[in-house]
Amino acid sequence: MKSCLIVDDSKVIRKVARHILETMNFEVHEACDGQEALNSCLENKHDVILLDWNMPIMSGMDFLKKYRLSENNNDAKVIFCTTENGIGHIQAAISAGADEYVMKPFDRTTLESKLQIVGCS
Amino acid sequence: MNIHSSAKSFEILSNLLEERTGQTLSPERHWRIQTSLQPIMREHSIPDIDTLVSVILSNANRGLETDCLEAILNNESCFFRDQASFALLTGPVLDAIRQNKEKEKRLRIWCSACSFGQEAVSMAIALSENFQKWNGWNIEILGSDVSNQAINRAKKGLYSQFEVQRGLPIGLLVKYFNQVDQDWQVDQKIMNMIQYRNYNLVSDNKFVGKFDLILCRNMLMYLSEDNRLKAFQNIEKALNPNAYLMMGSAETVASYSSKLEPCQDYRGFYKRNLT
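(A) Expanded view of the interface of chain A and chain B. With 21 residues of chain A at the contact, the number on the chain B side is 15 residues. Between chain A and chain B, roughly 1,500 Å² of surface is buried when both sides are summed, and carbon and sulfur atoms account for 57% of that area. It is A:Ile87, A:Met103 and A:Ile117 that lose the most area in chain A upon contact with chain B, and together they represent 31% of the buried surface on that side. For the pair chain A and chain B, the number of links is one salt bridge. Our enumeration of links across chain A and chain B arrives at 10 residue pairs in polar contact (both at pLDDT 80 or more). Of all the elements in the fold, those that place two or more residues in the side of chain A that touches chain B are helix H4 (87–96), strand E5 (100–103) and helix H5 (108–117) of chain A.

(B) Highlighting the pattern of salt bridges. All names here are of chain A. Across all of its chains, the model carries 21 salt bridges over all chains by this definition. Measuring nitrogen to oxygen at the nearest pair gives 3.0 Å for the salt bridge that ties Asp 8 to Lys 104. Taken as a pair, Asp 8 in the loop between strand E1 (3–7) and helix H1 (11–23) and Lys 104 in the loop between E5 and H5 lie far apart in primary sequence, 96 residues in all. Side by side, Asp 8 and Lys 104 carry an identical accessibility label, which is buried. Note that Arg 18 and Glu 30 form a salt bridge whose closest N and O atoms lie 2.6 Å from each other. Of this pair, Arg 18 sits in helix H1 while Glu 30 is found in strand E2 (residues 27–31), placing the two residues 12 residues apart along the sequence.

(C) Local environment of the nonpolar core. By size, the foremost hydrophobic cluster in this structure holds 72 residues, and its most contacted members are A:Ile49, B:Val121, B:Met123, B:Leu127, B:Ile141, B:Phe177 and B:Tyr196. Top contributing element to this core by residue count: helix H6 (residues 118–129) of chain B, with seven residues. Discounting chain neighbours no more than four positions away, the residues touching B:Leu127 are B:Leu94, B:Leu107, B:Ile109, B:Trp134, B:Ile139, B:Ile141 and B:Met193. Within the second largest apolar cluster, 24 residues are counted, among which are B:Val202, B:Leu223, B:Val253 and B:Leu260.

(D) View of the layout of surface pockets. The space that makes up the largest pocket amounts to roughly 360 Å³. Together, 26 residues line the largest pocket, and B:Asn74, B:Ala113, B:Asp145, B:Asn218 and B:Met219 are the ones closest to its centre. Each residue belonging to the lining of the largest pocket can be placed in one class, and the counts come to 11 nonpolar, 10 polar and five charged. Space inside the second largest pocket adds up to approximately 230 Å³. As for the second largest pocket, its lining consists of 14 residues, and the residues nearest its centre are A:Thr109, A:Ser113, A:Gln116, B:Cys78 and B:Arg166. The element that contributes the greatest number of residues to the lining of the second largest pocket is H5(A), accounting for four residues. The residue inventory of the lining of the second largest pocket, partitioned by class, reads three nonpolar, six polar and five charged.

Calculation notes
- Residues numbered from 1 in each chain as written.
- Chains lettered and ligands numbered in written order.
- Predicted model: local features only at pLDDT ≥ 70, side-chain atom pairs only at ≥ 80, totals over all residues.
- Heavy atoms only, no water.
- Contact = heavy atoms within 4.5 Å.
- Buried area = accessible area lost by both parts, 1.4 Å probe.
- Salt bridge = Lys/Arg side-chain N within 4 Å of Asp/Glu carboxyl O.
- Polar contact = N/O pair within 3.5 Å; in protein donor to acceptor, adjacent residues only side chain to side chain.
- Helix = DSSP H or I, 4+ residues; strand = E, 2+ residues; numbered from the N terminus.
- Buried < 20%, exposed > 50% of the residue type's maximum accessible area, 1.4 Å probe, protein only.
- Core = buried A, V, L, I, M, F, W, Y, C linked by side-chain atoms within 4.5 Å.
- 1 Å grid on protein atoms, 1.4 Å probe; cavity = no way out; pocket = protein on both sides within 12 Å on 5 of 7 lines; lining within 4 Å.
- Points joined across faces, edges and corners; volume = space filled by probe spheres on them.
- Nonpolar A, V, L, I, M, F, W, Y, C, P; charged D, E, K, R; others polar.

None of the figures reported here should be taken as evidence of function without further support.
Here it is in structure tokens:
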């Protein structure tokens, strides 16, 4: 069973994403911000991380930069999932090491498609 | 709503669809008519299917008939649809075609049921991504569809946020599209590789040329036996010897053609034999 970490400060988004991922047979973990996500990555090895951009305490971008610089366990596929839909944000995310990018709002088909693209479907 | 008269109306619309496009809609899929015509009925303040069919049959509004049939057609598509098959296509299948045509350095591809153009754009992007292999080649991609509205949309090369998130890797979106407000415009260099035209694979007899690869995915399944045979005859005529046909993974040539042989290693692909 593949593991996915959902990082989002919105409980609703986490619930919707969890529902989709569980029906795809993922083991799902949740974090409310970048710092919680970093802690989760120290304790668990995730195959894919679904990452919001704007969050309190630590943003998705700050998390991604720190995560990719981690000495171990830093190679999960990272899919940004955010309302920041401008080309500048997308390019910045790719430069920081994101593998894919979902522009909110999203639906099940979009998420399935992105998971397939990163080889985690 | 009178169930019996509605059933008759569905049948009339199904027959009109087959007459104009060659596509059939079995009674089990009549729900599709109801669902797809709701926006048109709302727009014209038409209360139900029976009234809609009455208006169409009275010839009071010729545009309405076309709009209804266009709405019923299935234009579902996405970029790089069926990733595994597309990887076969852009890998070993195109490699084989390149070897066959090495002297001529001319590649012609026909996306014969291209809907809004995602498949043709995906082909053009895939070839551009392998620019080194195709350097110096004359490449033409034809995108055709029975739906005029779909072709008009394809020609614009403008896709919504939802559409570009279906099958298209983000790196290719950034590389080959420009953001226009909430939508995404295909780069002109990609658009220049593609010609779009309205074409009915069943009834159009106009010769569109010979091709090295024809993609016809998830369309033939909507045709009756007779119309499927006509479509295959058109496809056969348009394939060069040793050229390839790519079908949907659930589709088969079966007994419709003796000139197309299944590729044993590549599911969904058929090769035009030399006879």
